[in-house]
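Listed below are the residues making up each chain.
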Amino acid sequence: MLTYIIRRLLYSIPVLVATSFLIFTFVSITGDPLGRLRSNPNITAEQIHSIEHSKNLDKPVIVRYGYWIRDAVTKQFGTTLFGNRKIWPDLRRVMGHTLQFILSAIIISAILGIAIGVYSALRQYSLFDYTATTLSFVGFATPVFWLALMLQVLMVQIFLKWNVRVFYTSGLSSSVNAGHGFHFLLDRVQHLALPVIALCALSTATYSRFMRASMLEVLNSDYVRTARAKGLIERRVIMRHAFRNALIPLITVIAIDFGALFAGAIVTETIFTLDGMGFYFVNSLFASDPYPVMAWLMVVATMVIIFNLIADILYGVFDPRIRYE
């Protein structure tokens, strides 16, 4: 197993290097980051040239990529183009906030999706199966931004009608100092509940459909029929022989969906004004600052690679034959 993990880690290194080069190249050629300054009559050509020289913007792309890699490794992604603000402290702060509700959304969606998918497969063509199928199609068709807005409207109406604060519709905390321990946890849950629900809708629908299809395929396989023919109890057949193998395709879906959730987080965090990576990304785009954008993309790409690596390791855990391929 250790050899399998090391091999997967080595495979990830060239992928990460190639990803970093593509990110830097595409962001660098999309436009002139100093376009706003050039159009400002109060900024002299000498000042613009000084900024270009300090940020290596007057050099070829391949040379600038080398400087950017150096700054990413030794200077924690360096500083912003305007203001020389350090990138990593802000990025680390918002990354923690985003991971809180993205991981919560993945865990909740996986639990609900697996439970619904397994029960739908075991009760194929039942009322529960038809209801779950209908609701999953509704989840597929519901845009994240629309659901987020509707949740906000619902919470506002509840507060105005009954003066009851169930969940908050914006921000990460109700005050600068939200307290400690249980009070802090409760306050954070009340603020993250609506973003998590908005992200969970599509993911739960996806996981339940994949789990149902995978479970049905496994239940009709020869080794499951053989296990039943040997007289094993149904619970053991389902949990030990069918469920474990049916999880393998879903692991791939969850690993891929992690990157999609970051894209959904951009919309969700903007709507709920959360101090997360999506909100940070949008502000960096509006500021026309390429360095925080590139740092954001690099962190997201690294996380996607890490989650795919975890998925590869889980393949080997659930199916030992994969380790020797």
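In this report, the structure presented in the accompanying data block is examined.

### Description of the nonpolar core
Then step 1. In terms of nonpolar packing, the biggest core is built from 74 residues, with Leu91, Ile102, Met211, Met215 and Met277 touching the most fellow members.
Then step 2. Per-element accounting of this core gives the leading share, 14 residues, to helix H10 (residues 234-271).
Then step 3. Ignoring anything within four residues of it in the chain, the contact list for methionine 215 reads Val118, Ala121, Ile238, Ala242, Phe243 and Ala246.
Then step 4. In this structure, Tyr4, Ile251, Ala255 and Ala311 belong to the second largest nonpolar core, which totals six residues.

### Quick notes on the packing of helix H5 (residues 87-122) against helix H6 (residues 127-141)
Then step 1. It is at 8 Å that the axes of H5 and H6 come closest, and there the two elements cross at 135°. When the axes of H5 and H6 are compared, the pair comes out oblique. Handedness of the H5/H6 crossing: left-handed. Residues Ile116, Tyr119 and Ser120 of H5 form the contact with H6, whose participating residues are Phe128, Asp129 and Ala132.
Then step 2. The residue makeup of the contact of H5 with H6, split by class, is four nonpolar, one polar and one charged.

### Examining a nonpolar patch on the surface
Then step 1. Together, Phe21, Leu22, Phe26, Ile29, Ile62 and Val63 line one region of the surface with nonpolar side chains, adding up to about 560 Å² of accessible area.
Then step 2. When contributions to the nonpolar patch are tallied by element, the ones reaching two or more residues are helix H1 (2-28) and helix H4 (61-74).
Then step 3. A total of three residues in the nonpolar patch trace back to one element, the largest contributor, which is H1.
Then step 4. Mapped onto the secondary structure, isoleucine 62 falls in helix H4.

### Side note on the pattern of salt bridges
Then step 1. In total, this model carries eight salt bridges according to the counting rule given.
Then step 2. The shortest N-O distance in the salt bridge between arginine 93 and aspartate 90 comes to 3.0 Å. With arginine 93 and aspartate 90 both in helix H5 and three residues apart, this pair spans about one turn of that helix.
Then step 3. Residue aspartate 90 is classed as buried on the basis of its relative accessible area, which comes to 10%.
Then step 4. Glutamate 234 is paired through a salt bridge with arginine 228; the nearest N and O atoms lie 2.7 Å apart.
Then step 5. Of the residues examined, arginine 228 reaches a relative accessible area of 35% and is grouped as partly exposed.
Then step 6. Within the structure, one salt-bridge network assembled from shared partners comprises Arg85, Asp90, Arg93 and Asp275.

### What about H6?
Then step 1. With 15 residues, H6 extends 21 Å between its outermost C-alpha atoms, agreeing within 8% with the 21 Å of an ideal straight helix rising 1.5 Å per residue.
Then step 2. Within the span of H6, buried status applies to Asp129, Ala132, Thr133, Ser136 and Gly139. Down the axis of H6, the buried set is contained in an arc of 120°. They therefore lie on one face. Turned more than 90 degrees away from the buried face of H6, the exposed residues are Leu127, Leu135 and Ala141.

Parameters at a glance
- Residues numbered from 1 in each chain as written.
- Predicted model: local features only at pLDDT ≥ 70, side-chain atom pairs only at ≥ 80, totals over all residues.
- Heavy atoms only, no water.
- Core = buried A, V, L, I, M, F, W, Y, C linked by side-chain atoms within 4.5 Å.
- Buried < 20%, exposed > 50% of the residue type's maximum accessible area, 1.4 Å probe, protein only.
- Helix = DSSP H or I, 4+ residues; strand = E, 2+ residues; numbered from the N terminus.
- Contact = heavy atoms within 4.5 Å.
- Axes fitted to C-alpha atoms, helices over the stretch in contact; angles between N-to-C directions.
- Parallel < 35°, antiparallel > 145°, perpendicular 65-115°, else oblique.
- Left-handed = near helix turned anticlockwise from the far one by under 90°.
- Nonpolar A, V, L, I, M, F, W, Y, C, P; charged D, E, K, R; others polar.
- Patch = residues over 30% accessible without salt bridge, like charges linked within 9 Å, V, L, I, M, F, W, Y side chains within 5 Å.
- Areas by Shrake-Rupley, 256 points an atom, 1.4 Å probe, with all protein chains shown as cover.
- Salt bridge = Lys/Arg side-chain N within 4 Å of Asp/Glu carboxyl O.
- Expected span 1.5 Å × (residues − 1).
- Arc of directions from axis to C-beta.

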